[in-house]
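# Reading the structure
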Amino acid sequence: MDKFWVVDTKAKISSESSYEQDGSEWYYGRSVVPARSAEDAISILKMALRDKHVEIEAVLAVVDYTQKNWDSDDDDLYDTVESYEKSKAKNEVVTGVFASGMYLERE
């Protein structure tokens with residue numbers, strides 16, 4: 001049975017991507033991935049993001065959604081609960097929100 005993994009990443013977004021961009025070198029993302037293990041979740045997410053012209057530079061965290069270790073004051077930015085609900089309903093990867101490095105520096 002698959003678990004739902006919350007995966008935080010640091011990524012580069014290509015100009016061909018449909019994700020909104022502001023010229024930042026890096027974007028920080030939080031996605032929800034159904035998978036049997038954390039390792040599988042990373043592999044599945046890399047493939048899903050590659051199709052969207054996003055390259056993961058670093059995986060910052062991978063946690064089981066039910067553990068709530070992802071929960072923080074900043075979570076409103078990433079819409080984790082909404083991403084989880086979508087992922088659970090369709091049993092597929094939801095890449096969620098990517099916040100630009102420049103935006104986060106201003107906060």
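Note that the coordinates shown come from a computational prediction; the quantities given were computed from them, not determined experimentally.

Cut-offs and rules
Residues numbered from 1 in each chain as written. Predicted model: local features only at pLDDT ≥ 70, side-chain atom pairs only at ≥ 80, totals over all residues. Heavy atoms only, no water. Buried < 20%, exposed > 50% of the residue type's maximum accessible area, 1.4 Å probe, protein only. Pairing = 2+ DSSP bridges. Helix = DSSP H or I, 4+ residues; strand = E, 2+ residues; numbered from the N terminus. Axes fitted to C-alpha atoms, helices over the stretch in contact; angles between N-to-C directions. Core = buried A, V, L, I, M, F, W, Y, C linked by side-chain atoms within 4.5 Å.

We now examine unusual backbone geometry. Here His 53, not a glycine, exhibits a phi torsion of approximately 65 degrees, which is positive. Exposure remark for His 53: the relative accessible area of 36% places this residue in the partly exposed category. A positive phi angle, near 55 degrees, is found at Asp 79, a position not held by glycine.

Read from one edge to the other, the open sheet built from four strands follows the order E3-E1-E2-E4, with strand pairing classed as antiparallel. Looking along the sheet, the strands with just one partner apiece sit at the ends: strand E3 (54-64) and strand E4 (94-100). Strand after strand, the sheet turns through a mean of 25 degrees between neighbouring axes, direction not considered.

With 15 residues, the main nonpolar core has Leu 49, Val 54 and Phe 98 as its most contacted residues. Those elements that provide at least two residues to this core are strand E1 (3-13), strand E2 (27-35), helix H1 (38-50) and E3. Residues Phe 4, Val 32, Tyr 65 and Tyr 84 belong to the second largest nonpolar core, which totals seven residues.

Everything listed here is a matter of coordinates, which is why it stays silent on function.
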